[in-house]
Amino acid sequence: MMKVYLDNNATTMVDPEVKAAMDPYFTEIYGNPNSLHDFGTACHPALRKAMDHMYEALGARDEDDIVVTSCATESNNWVLKGIYFDLIKNGEKDHIITTEVEHPSITAVCRWLEEQGVHVTYLPVNQDGIVEAHTVRDFITDKTALVSIMWANNETGAIFPIEQIAEVCKEKGVLFHTDGVQAVGKIPVDVIKAGVDFMSFSAHKFHGPKGVGGLYIRNGHPLTSLLHGGEHMGGRRSGTLNVPGIVGMGKAMELATYYLKFEEENVRRLRDKLEDAILELPDIYSVGPRENRTPNTILVSVRGVEGEAMLWDLNRAGIAASTGSACASEDLEANPIMTAVGADSELAHTAVRLSLSRFTTEDEVDYTIEQFKKAVERLRSISSSYAYMPESMKDKQGEGATHG
Ligand code: C6P
């Protein structure tokens, strides 16, 4: 049986070139880079090279900071809590703006901040799954400390108008953070061109290792540290450096930049082929216009079939997909993103996310098309809710869910 991995928005395979670059830093060059002996200093050239790749890939300038963290969850926590300590706790500001569709590493922190008395505005998305810059402008007040809006959504792939939102924030004198986890490696990301103040990212989303991520901090922005201790990362984030992780993330960024065109052309072509074939089936909808999505992502809903049942059938056929965000995939609630884009409750339970990568092959896509169709047919044939659903309901498209 073929094995097909289509859950690349949850995590990706480490590129063998990345693994090869990391290998020596486990057993050969394993010193602590802060030690003064040769074992320690032997790490320095590789660390410098890795950081250079990151600055170059993200378009950061020398005077900006890229601070390596353990993951994007840490980076997102750091920005929100740091801003709370810097600008809110002292009474200067009291308000943060975000969206209803952020990853839990933003929304759960916002809920915690609300418990501390912070006002948080959760902007709804439109039918395409994004928030327009003018909507952000309408909600900024003179008490707003931070706007935090993702660059690309992990479930729909919808790309937010980051440059325009950054422009609005600049005009209003408000700091702007973007969660760039699903953008880096999939679409061009240039932090200076985009005008963001902070950006989070995570290596395992672009064929780097797990357990390492980063936060871009625009020149001159102070941000209270979450981890106090030694003088690592210029004192901004203490803790012995994860040398293999940093080397791996640097290599993964270098490769991601190299493969960006491939992502845009080949991955997009395979994604579109898969989506076109799936949408040939009746009563299946995909969320958001394709041209404004990351090239690897499809979120479809299959009327009459629970998302979990689809996953189960696909998994039995060797295909890995998800019903949405990996960290929410164990609950059987309606998919919150589907609800946010206006899908009815029945449709919101039927979401299936398929996310490709540069390692996805044409054969794998052909096999998935065949198995997806089989699964829909089988599950609909045993679904009493679909069999007895009036034709008018079957045809009813979830508001906001659009054919790609
Ligand atoms: N999303 C998904 O299945 P970590 O786990 O810290 O490396 O990344 C967290 C994170 C933050 N922001 C966005 C937009 C993300 O997509 C993720 C991870 C995975 O969608 C796992 S829940």
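Residues numbered from 1 in each chain as written. Predicted model: local features only at pLDDT ≥ 70, side-chain atom pairs only at ≥ 80, totals over all residues. Heavy atoms only, no water.

Here we take up the packing of aromatic side chains. In this structure the tally under the stated criterion is five aromatic pairs. With 6.0 Å between their ring centres and 80° between their planes, Tyr84 and Trp112 make a pair best called edge-to-face. Within this pair, whereas Tyr84 is found in helix α5 (residues 72-88), its partner Trp112 is found in helix α6 (residues 104-115), the two being separated by 28 residues in sequence. For Tyr84, a relative accessible area of 7% translates into the label buried. The exposure class of Trp112 is partly exposed, given its relative accessible area of 33%. Here Tyr258 and Tyr259 contribute two aromatic rings whose centre-to-centre distance is 5.0 Å and whose plane-to-plane angle is 85°, an arrangement assigned as edge-to-face. A cation over an aromatic ring shows up here: Lys81 above the ring of Trp112, its NZ or CZ 5.4 Å from the ring centre. The aromatic ring of Tyr122 is capped on one face by Arg111, whose charged end is 4.4 Å from the ring centroid. (Phe/Tyr/Trp six-rings, centres within 6.5 Å; stacked < 30°, edge-to-face > 60°. Helix = DSSP H or I, 4+ residues; strand = E, 2+ residues; numbered from the N terminus. Buried < 20%, exposed > 50% of the residue type's maximum accessible area, 1.4 Å probe, protein only. Lys NZ or Arg CZ within 6 Å of the ring centre and 35° of its normal.)

To continue, consider the environment of Ser345. Here Ser345 is to be found in helix α14 (residues 345-348). With relative accessibility at 53%, the residue Ser345 sits in the exposed group. Along the primary structure Ser345 and Ala334 are separated by eleven residues, whereas in three dimensions their C-alpha atoms are 6.8 Å apart.

Another point: the pairing of strand β8 (residues 213-217). Along any regular strand, the residues point their side chains to alternate faces of the sheet. Where burial is concerned, most of β8 is hidden: five out of the five residues are buried. The side-chain alternation of β8 yields two buried faces, one formed by Gly213, Leu215 and Ile217 and the other by Gly214 and Tyr216. One ladder, built from five bridges, connects strand β2 (residues 65-69) with β8; its direction is antiparallel. Of the residues in β8, the one forming a bridge with Ile66 is Tyr216. As paired strands, strand β7 (residues 198-202) and β8 are joined by five bridges and run antiparallel to one another. Looking at the pairing, Ser200 lines up with Leu215 of β8. (Pairing = 2+ DSSP bridges.)

This next bit is on α6. Relative to the 16 Å expected for twelve residues at 1.5 Å per residue, α6 spans 16 Å between its end C-alpha atoms, a close match to the ideal helical length. All buried positions along α6 are accounted for by Ser105, Ile106, Thr107, Val109, Cys110 and Leu113. Where α6 is buried, its residues contact α5, β3 (95-99), β4 (119-123), β5 (144-148) and β6 (175-179). Once α6 ends, the next one or two residues include Gly117, with phi positive near 100°. (Expected span 1.5 Å × (residues − 1). Contact = heavy atoms within 4.5 Å.)

Here we come to the side chain of Asn76. With respect to the helices and strands, the residue Asn76 is situated in helix α5. Only 3.1 Å separates the side chain of Asn76 from the side chain of Asp179, close enough to count as a polar contact. Once residues within four sequence positions are removed from consideration, Asn76 is found in contact with Ser105, Ile106, His177, Asp179 and Ser200. (Polar contact = N/O pair within 3.5 Å; in protein donor to acceptor, adjacent residues only side chain to side chain.)

Tracing the backbone through its elements, the reader meets Thr350 in the loop between α14 and β12 (351-355). The spacing of Thr350 and Met338 is twelve residues in sequence and 9.1 Å in space, taken between C-alpha atoms. Other than its neighbours up to four places away in sequence, Thr350 contacts Val300, Ser301, Val302, Arg303, Gly304, Val305, Glu306 and Gly307. A polar contact is formed between the side chain of Thr350 and the backbone nitrogen of Val302, at a distance of 3.3 Å.

Here the focus is helix α4 (residues 44-58). Because an α-helix packs 3.6 residues into every turn, residues spaced three or four apart end up facing the same way. Taking 1.5 Å per residue as the helical rise, α4 with its 15 residues ought to reach 21 Å, and the 21 Å between its terminal C-alpha atoms agrees with that figure. Of the residues making up α4, those classed as buried are Ala46, Leu47, Ala50, Met51, His53, Met54, Tyr55 and Leu58. The elements touched by buried residues of α4 are α2 (24-27), β2, α9 (191-194), β7 and α10 (243-258). Note on α4: the residue one or two positions beyond its end, Gly59, has a positive phi of about 75°.

In terms of nonpolar packing, the biggest core is built from 71 residues, with Met54, Ile66, Val147, Trp151, Phe160, Phe176 and Met199 touching the most fellow members. Per element, the largest residue contribution to this core is eight residues, and it comes from α10. Two domains each put at least three residues into this core: domain 1 (16-258) and domain 2 (261-394). Setting aside its immediate chain neighbours within four residues, Val147 contacts Ile97, Val136, Ile140, Ile165, Cys169, Val174, Leu175, Phe176 and His177. Ranked by size, the runner-up nonpolar core spans 30 residues in total, among them Leu274, Val300, Leu354 and Ala375. (Core = buried A, V, L, I, M, F, W, Y, C linked by side-chain atoms within 4.5 Å. Domains from an automatic or database assignment.)

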